[in-house]
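# Structural overview
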Amino acid sequence: MQSDPFAFYTAFQVLQQNNIPYENFLRRSFEETSIASSPEVENLVKGIENVLDLFLFNKRTQPAVESWIRGRFTEKLKLQLADASRVGGGFHFTAKDVTAEKLKETTIQKLENGIKDKAPDVWHLVGELLKSDPEVIRRRHKAREEREKTRKRGKGQRKRKKRGNIAEGDDELRVLDIVDSDEDEPEDVEEQLEERWRTQIRMACGVPDQARKFIAQIGLSVSVSTINLMVKNLSAEAAAEIRRLGSTFLVSYGYDNWDFLLRHSTPTWETTRKDDLEHLSTGAIFPMVHGPSLADLDYSDFLWNLQKNPPPPATIADIAAQMPPEIPNENGLRPREQFIVWKFLFDLVNYGPTYFSQFKAQLGEPEEFECIPVIKSHE
């Protein structure tokens, strides 16, 4: 329906004649129930973004609107941060009273979900500020795809060439063995190894005491005494846990020797005359989480009986007679022969002539026989 061009001026004159300001007119339009439920107000609500844009981009109203938005949004962010920083918010972490259980509970995912729940606008704002230029991200993805295509085209030849030039037992050869045949080869193995050594060196070097004090003074860390107290508490808790695990007798022990160079940050005449090479022995406790009991480990009586009444030595024929028979498959191959055939085909497909690489998808995995289940333990 076409509107009357003079209707707006007529409505404007009515408001002037009745001394009704625009502000009161808009407010009463939403407060009066009969008017607020009218189709006209519903259309206004649906197109409210256009109305707000009109005020935002108008030269006369733009400064006031921007100031209002900034003030209201800032106040909203402050309230969300105050709510998240309360004691019951779940983000307080007392370093001096920390325990291993608290460290396990404080995960990045848990912190992320908590911030999203209590300060969603803060989370969104920080995320938008940290986003890169979309065009840069697009070019980065495109360059990565091109590198992957280039690696895949000459993947097999480069692997064989590298393996031929690497000595047995070298670190780079171990990295190449870790890479799966279906995965992308590392772009530069030497750079990755060098970065790994640099990371280990950085982790091994302690942060100077003055640097820790400076970081604590500017508010980026707790004090040095708090850090030392935290380490002391964790060490005491770890010692108690070790004693508890050892008393169960359901653990396994592993020992190793560790040699390292102890560099001094401030060389002196005394330190230069000492040998920097230090030797330590480390130990680790592995709980037996696969379900053994003390009765399963109580075999001292059995060993004592064997010592008193040792069985007669068995012959090869006796041992072979006690072994379960190997049932061949439909091709007449026993389990060991089946694995030998699969291993031959695996080497042919992955390291043989390029022609055989087309059969990689048909190779499959070797058949499993009497598999021992793998149970993940922890140290």
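Residues numbered from 1 in each chain as written. Predicted model: local features only at pLDDT ≥ 70, side-chain atom pairs only at ≥ 80, totals over all residues. Heavy atoms only, no water.

Attention now moves to the overall build of the chain. Check the secondary structure of the chain and you find 21 helices and 2 strands. Here the chain, with 379 residues, has 13% of them falling under the buried criterion. Taking contacts inside the chain between residues at least 6 apart in sequence as the whole, the part at least 24 apart equals 50%. Of the roughly 31,800 Å² of accessible surface on the chain, a fraction of 58% belongs to carbon and sulfur atoms. (Helix = DSSP H or I, 4+ residues; strand = E, 2+ residues; numbered from the N terminus. Buried < 20%, exposed > 50% of the residue type's maximum accessible area, 1.4 Å probe, protein only. Contact = heavy atoms within 4.5 Å. Areas by Shrake-Rupley, 256 points an atom, 1.4 Å probe, with all protein chains shown as cover.)

With respect to the helices and strands, Gln80 occurs in helix α6 (residues 62-84). By relative accessible area, which is 11% here, Gln80 ends up buried. Here Gln80 is in contact with Lys118, Ala119, Pro120, Asp121 and Val122, once residues within four sequence places are set aside.

Before going further, it helps to spend a moment on the pattern of salt bridges. When charged atoms on two side chains of opposite charge get close, those side chains can pair. Applying the stated criterion across every chain yields a total of 9 salt bridges. Here Lys76 and Asp121 are joined by a salt bridge, their closest N and O atoms 3.2 Å apart. Of this pair, Lys76 sits in helix α6 while Asp121 sits in helix α9 (residues 120-130), and the two are 45 residues apart along the sequence. Notably, a salt bridge pairs Glu241 with Arg244, separated by 2.7 Å at the nearest N-O pair. Taken together, the residues span about one helical turn, with Glu241 and Arg244 both in helix α15 (residues 224-248) at a distance of 3 residues. Overall, Arg244 belongs to the partly exposed group, its relative accessible area being 44%. A single salt-bridge network, built from bridges that share partners, covers Glu23, Arg27 and Glu31. (Salt bridge = Lys/Arg side-chain N within 4 Å of Asp/Glu carboxyl O.)

A cluster of acidic residues, Glu330, Glu365, Glu367 and Glu368, forms a negative patch at the surface. Tracing the chain through its elements places Glu368 in the segment after α21 (360-363). (Patch = residues over 30% accessible without salt bridge, like charges linked within 9 Å, V, L, I, M, F, W, Y side chains within 5 Å. Lys, Arg positive; Asp, Glu negative; His and termini not counted. Charge placed at Lys NZ, Arg CZ, Asp CG, Glu CD.)

In this section: a nonpolar patch on the surface. Side chains of Phe6, Phe8, Tyr9, Phe12, Ile20, Tyr22, Phe25 and Leu26 sit close together on the surface and give an oily, nonpolar patch of about 860 Å² of accessible area. Among the secondary structure elements, those contributing two or more residues to the nonpolar patch are α1 (7-17) and α2 (22-31). Structurally, Phe8 is set in helix α1.

Turning to the packing of aromatic side chains, a few remarks are in order. One pair of aromatic rings is described through two measures. These are the centre distance and the angle between the planes. Using the criterion set out here, one finds 5 aromatic pairs in the structure. Between Tyr355 and Phe356, the ring centres sit 5.4 Å apart and the planes meet at 80°, which makes this aromatic pair edge-to-face. On the basis of relative accessible area, Phe356 is assigned to the partly exposed category, the value being 27%. Relative to Phe359, the ring of Tyr355 lies with its centre 5.9 Å away and its plane at 75°, an arrangement referred to as edge-to-face. Since its relative accessible area comes to 55%, Tyr355 is described here as exposed. An aromatic cluster of at least three residues, connected via ring pairs, comprises Phe339, Trp342, Phe346 and Tyr351. (Phe/Tyr/Trp six-rings, centres within 6.5 Å; stacked < 30°, edge-to-face > 60°.)

Mapped onto the fold, Asp83 is located in helix α6. When its relative accessible area of 30% is taken as the criterion, Asp83 is described as partly exposed. Along the primary structure Asp83 and Lys118 are separated by 35 residues, whereas in three dimensions their C-alpha atoms are 6.7 Å apart.

Next up on the list: the side chain of Asn350. In this fold, Asn350 is placed in helix α20 (residues 335-351). On the accessibility criterion, Asn350 (17% relative accessible area) is buried. Of note is the side chain of Asn350, whose polar atom sits 2.8 Å from the backbone oxygen of Phe346. (Polar contact = N/O pair within 3.5 Å; in protein donor to acceptor, adjacent residues only side chain to side chain.)

Our next topic: unusual backbone geometry. With phi around 55°, Asn19 is a residue other than glycine that occupies positive phi space. Along the chain, Asn19 falls in the loop between α1 and α2. Judged by its relative accessible area of 67%, Asn19 falls in the exposed class. Unlike most non-glycine residues, Phe249 shows phi in positive territory, near 65°.

A few words on the environment of Glu278. Relative to the helices and strands, Glu278 resides in strand β2 (residues 277-287). What makes Glu278 partly exposed here is its relative accessible area of 31%. In this structure Glu278 touches Trp258, Asp259, Phe260 and Leu262, once residues within four positions along its chain are discounted.

As a general rule, the predicted coordinates of low-pLDDT regions are not to be interpreted in detail. The predicted model of the chain has a mean per-residue pLDDT of 75, with 74% of residues at 70 or higher. With pLDDT under 50 throughout, residues 169-190 is counted as low confidence; its partners more than four residues away or in other chains account for 47 contacts. Counting interchain partners and residues more than four positions distant, the pLDDT-below-50 stretch residues 196-205 has 3 contacts. (pLDDT = per-residue confidence, 0-100.)

By secondary structure assignment, the location of Glu367 is in the segment after α21. Along the sequence, Glu367 and Gln338 sit 29 residues apart, while their C-alpha atoms lie 8.0 Å from each other.

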